[in-house]
Amino acid sequence: MFNRRKNKLMKGTHANLSKGFITGSEKTDWHNNALWFLRAKRDMQRDTIPDWEKLRATAAAIKDHTLSRLPEYLQRFEENAIKNGIQVHWAWDDAELREITASILRENNAKSVVKSKSMLTEECGLNPYLEKEGFDVVDTDLGERIVQLRKEHPSHIVVPAIHLKKEEVSDTFHEKMNTEKGNSDPDYLASAAREALRKDFMRADAAITGVNFGVAESGTVVVCTNEGNADMGVHSKKTVIHCMGMEKLVPGYKELAVFTRLLARSATGQPVTVFTSHYRKPRPETTEHIIIVNNKRTDIFEDPEFRQAMRCIRCGACMNTCPVYRRSGGHSYHHTVPGPIGSVLAPFYGKEKNKDLPFASTLCGSCNNVCPVKIDLAGLLYRWRQKLTDETSPDLSKKIGMDIGSKILKSRTTYSLATRAFRWVPGSVLQSGLNPWNVTAKNGHKERIFPDVPGESFREWYKKNQE
Ligand code: SF4
């Protein structure tokens, strides 16, 4: 009777909110396992390199060295790229990146664009801006294309659609591309996407790529993909734009080799990415542009406590191992880059609006152990907690919730009575800002869902299941 009433009260709350989110124990476990699979593959690859720890230490030292002489390396990179015939642009912030990109496209009469994966353009809101300006933009990385069709953001920086099961992808493809209803065979879905994307590649006027590394000694940009989609665009379009964050520089090819050994192994547990493409000069009768983007990177660079975050090569290993990320998913972080590194970077993009993120961690330090450039992620998250508590407005309702919670937890009787009473609260109230413990709803982050209160306590369950 109790459970019946409770189920009735809860009915509809999660179902309405769960679209695209990681909710319910089944999907949570599935997501957790999918990420852990990548972590386990990474461990296997690590074991094939006897000097793995030395490689990580070398990578961290190269990054620190490059960052300590960043203006010099940026200048060298620019000079060499210009010598190679590439046009170099500088974008101070996200708005400048958007404007420069749009003006290059207009100057070259480009109306449609194929774009390979770039978290930088995601960070700068390039797609919505270009679409608003009348350009047709197609993301060509399969995972990115799936989330683009669903009008979602990537939930992971390397595997953007990791939050979706193949059945959900099948439904999306059926709705948007008219594929066979209910056919969730991965080969069928991949070939349907390939066929559609091939047409997009053929008709597009320009290509945009992200950049994994910029080599200062040659002015080359290096783009790593598993699908070859960046190459399809760069090799077939007359106008090519590479968008590069200013922290992506490495001094030369010798240093680059350290990172190419670490990147794919840390990211997906592959020995190497399928395509590691070096773009050095434009093909005849084409124009090639590199936009070097700051967008708050100098703020991070100038902060001695947080500068090490600029070492990040966006491999995603810290997400794959994080127990919070694995069970909550990337959309729960409400910042472009999710997971541990995202929570370290986010306060630079708004302390007040992102003040909750450094607290969304167990500080277990697993991210520190896997990071290929040895960023002390747990230490930086802890430091942010101290700083944000001092520098942002106090969350009064959270404080009240904690005070009530501590009073309840002090006595076994009040705890038992309170948990019983809690089960009778309607689901709609638990999901709303009226619930003092539902910090996320109060902050307007609908991506995180307050969990269902179980129908019985652990003691009740244990009594029943003892035998
Ligand atoms: S912080 Fe380290 S582990 Fe996380 S994405 Fe960056 S390089 Fe990879």
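Refer to the structure printed above.
Predicted, not measured: the structure shown is a model, and the values here were computed from it. Residue indices follow the written sequence of each chain, beginning from 1 at its first position. Local features in this predicted model are restricted to residues of pLDDT 70 or higher, and side-chain atom pairs are both shown and tallied only at a pLDDT of 80 or more, whereas totals for entire chains, interfaces and linings draw on every residue. To get the side-chain values, take all heavy atoms of the structure and skip hydrogens and water.

Caption draft 1: View of unusual backbone geometry. The backbone phi angle of asparagine 295 is positive, close to 40°, even though this residue is not glycine. Take asparagine 295: it is sitting in the loop between strand E10 (287–293) and helix H14 (297–302). Its identity as a non-glycine residue notwithstanding, histidine 334 has a phi of 45°, on the positive side. The numbering of helices and of strands both runs from the N terminus, where a helix is a DSSP run of H or I of at least 4 residues and a strand a run of E of at least 2. By the secondary structure assignment, histidine 334 is in the loop between helix H16 (323–328) and helix H17 (339–345).

Caption draft 2: Spatial organisation of helix H5 (residues 70–83). Between the first and last C-alpha of H5 there are 20 Å, a value that for 14 residues agrees with the 20 Å anticipated at 1.5 Å per step. Of the residues making up H5, those classed as buried are Leu70, Tyr73, Leu74, Phe77, Asn80 and Ala81. The arc that holds the buried residues of H5, viewed along the axis, is 135°, so those residues lie on one side. Along H5, exposed side chains directed more than 90 degrees from the buried face belong to Pro71 and Lys83. After H5 finishes, the residue glycine 85 shows a positive phi value of roughly 95°. How far a helix is expected to stretch is found by multiplying one less than its residue total by 1.5 Å. Buried means the residue's accessible area, taken with a 1.4 Å probe over protein chains only, is under 20% of the maximum for its type, while exposed means over 50%, and partly exposed covers the values in between. This arc corresponds to the set of directions leading from the helix axis out to the C-beta atoms.

Caption draft 3: Just the packing of aromatic side chains, in detail. Aromatic rings from Phe, Tyr and Trp, with only the six-membered ring used for Trp, were paired whenever their centres fell within 6.5 Å, and each pair was classed as stacked if the ring planes differed by under 30 degrees, edge-to-face if by over 60, and tilted otherwise. The final tally for this structure, using the stated rule, is 7 aromatic pairs. Seen in terms of ring centroids, phenylalanine 213 and phenylalanine 259 are 5.8 Å apart; in terms of plane orientation they differ by 35°. Their pairing is tilted. Taken together, the residues phenylalanine 213 in strand E5 (residues 213–215) and phenylalanine 259 in helix H13 (residues 253–268) connect sequence positions 46 residues apart. The same class applies to phenylalanine 213 as to phenylalanine 259, namely buried. Their ring planes at 75° and their centres at 5.3 Å tell us that phenylalanine 348 and tryptophan 384 sit as a pair that is edge-to-face. Note that phenylalanine 348 is positioned in the loop between H17 and helix H18 (366–370) and tryptophan 384 in helix H19 (residues 377–391), a separation of 36 residues in sequence. Of the two residues examined, phenylalanine 348 and tryptophan 384, each falls in the buried class.

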